[in-house]
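# Survey of secondary and tertiary structure
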Amino acid sequence: MDFEEGEVVYFNKPLDWTSFDLVNKFRYKLSRKLQVKKIKVGHAGTLDPKATGVMILCTGRATKRIDEFQGQTKEYVASLMLGATTASFDLERPVDATYPTEHITCGKVEEALKRFVGRIEQIPPAFSACNINGKRAYELARKGKETPLKAKTLVIDEIELLDCQLPVIRIRVVCSKGTYIRALARDIGQALDSGAYLIALERMRVGEITLDKCIGPDDIDEFLEDK
């Protein structure tokens, strides 16, 4: 493999790692392997620290393919806690409000999920990397500033209820570029006349790239030895 010319590597991002943590780890080990001071490495689609799963890294001229990978269909498995919300819509922030769940049944969850299949409008989370007048939304949100974000059009191809142990549900989502599963959790909670936030998220697939084709950070040395 010619990493300086350009290669694509598939990773399973660990829990509590940022996307940049993974890029930096791989770039450091790759630079040492190639004995170069600098090599271009980028990722095709951010995963939040509390999310795990498929992350595609590109090196050298292959970084020109990042937009191609970002545009591909994604598949996720997500666990949601019903009856409460957090400012970040996930576990990064503490619960800020609670709501009743006694009226929710697994049947009502199934019915609510159907509303999100197809072309929908979604307002991104305030704690996101969306650009607002040159600033990242999360930078403003962490300072307590209002971050009015515009709704974006996206497509949900499939939503499947995998498990329903109320107040926790687990769903599978197949969706387009730009979908925030955290925001989907928020909207599902609202559709159920309650609240919801994300407690676990795994990206199972990007295009045709599935988890079984990915390596972990602990596999980098062995992976590079074989190359």
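Up top is the structure these notes are about.
Residues numbered from 1 in each chain as written. Predicted model: local features only at pLDDT ≥ 70, side-chain atom pairs only at ≥ 80, totals over all residues. Heavy atoms only, no water.

### Quick look at the state of the cysteines
On inspection of all chains with the given rule, the structure shows one disulfide. Each disulfide pairs two cysteine sulfurs, and for Cys106 the partner residue is Cys164, the sulfurs being separated by 2.2 Å. Handedness of the Cys106-Cys164 disulfide follows from its S-S torsion of about -95 degrees: it is left-handed. Pair noted here: Cys106 is in helix α3 (residues 106-114) and Cys164 is in strand β10 (residues 152-165), with a separation of 58 residues, a long-range link. Classification of Cys106 by relative accessible area gives partly exposed; the value is 31%. Given the relative accessible area of 17%, Cys164 is considered buried. (Disulfide = S-S within 2.5 Å. Helix = DSSP H or I, 4+ residues; strand = E, 2+ residues; numbered from the N terminus. Buried < 20%, exposed > 50% of the residue type's maximum accessible area, 1.4 Å probe, protein only.)

### Some points on the environment of Ser19
Position of Ser19 relative to the elements: it lies in helix α1 (residues 19-34). Since its relative accessible area comes to 3%, Ser19 is described here as buried. Expressed as a C-alpha distance, the spacing of Ser19 and Thr52, which sit 33 residues apart in the sequence, is 9.9 Å. Apart from the residues lying within four places of it in its own chain, the contact partners of Ser19 are Lys13, His43, Thr46, Leu47 and Met55. Here the side chain of Ser19 touches Leu47 through a polar contact of 2.9 Å, landing on its backbone nitrogen. (Contact = heavy atoms within 4.5 Å. Polar contact = N/O pair within 3.5 Å; in protein donor to acceptor, adjacent residues only side chain to side chain.)

### Some remarks on the nonpolar core
Counting 45 residues, the largest nonpolar core has Phe26, Ile171 and Ile181 as its most contacted members. Of all hydrophobic cores here, the second largest spans 12 residues; its members include Ala44, Ile56, Ala62 and Ile66. (Core = buried A, V, L, I, M, F, W, Y, C linked by side-chain atoms within 4.5 Å.)

### Quick word on the environment of Asn12
Inspection of the secondary structure puts Asn12 in strand β1 (residues 8-13). Owing to a relative accessible area of 28%, Asn12 belongs among the partly exposed residues under this scheme. Between the alpha carbons of Asn12 and Gly53 there is a distance of 4.6 Å; along the sequence they are 41 residues apart. Asn12 has contacts with Thr52, Gly53, Leu211, Cys214, Ile215, Gly216 and Pro217, leaving out every residue within four places of it along the chain. At 3.2 Å, the side chain of Asn12 and the backbone nitrogen of Gly53 are in polar contact.

### Quick look at the pattern of salt bridges
In a structure, side chains of opposite charge can pair up when their charged atoms sit close to one another. Enumeration according to the criterion identifies 11 salt bridges in this entry. We note a salt bridge from Lys50 to Asp16, for which the minimum N-O separation is 2.8 Å. Here Lys50 is found in the loop between β2 (41-43) and β3 (51-59), whereas its partner Asp16 is found in the loop between β1 and α1, with 34 residues between them in sequence. Here Asp16 falls in the partly exposed class, since its relative accessible area comes to 44%. Of the charged contacts in the structure, one is a salt bridge between Glu160 and Arg172, with a shortest N-O distance of 2.8 Å. One end of the pair, Glu160, is in strand β10; the other, Arg172, is in strand β11 (residues 168-175), with 12 residues separating them in the sequence. Members of the salt-bridge network, linked through shared partners, are Glu75, Glu158, Glu160, Arg172 and Arg205. (Salt bridge = Lys/Arg side-chain N within 4 Å of Asp/Glu carboxyl O.)

### Some words on the pairing of β3
Judged by how many residues are buried, β3 sits mostly within the fold: nine of nine residues are covered. With six bridges joining them, β1 and β3 adopt antiparallel strand pairing. Paired with Lys13 across the two strands is Gly53, which belongs to β3. As defined by bridge partners, β2 adjoins β3 across three bridges and the pair is classed as antiparallel. Bridge pairing in β3 links Gly42 to Cys58. Pairing of β3 with strand β12 (residues 196-206), which is carried by three bridges, proceeds in the parallel orientation. Bridged to Gly53 within β12 is Arg203. (Pairing = 2+ DSSP bridges.)

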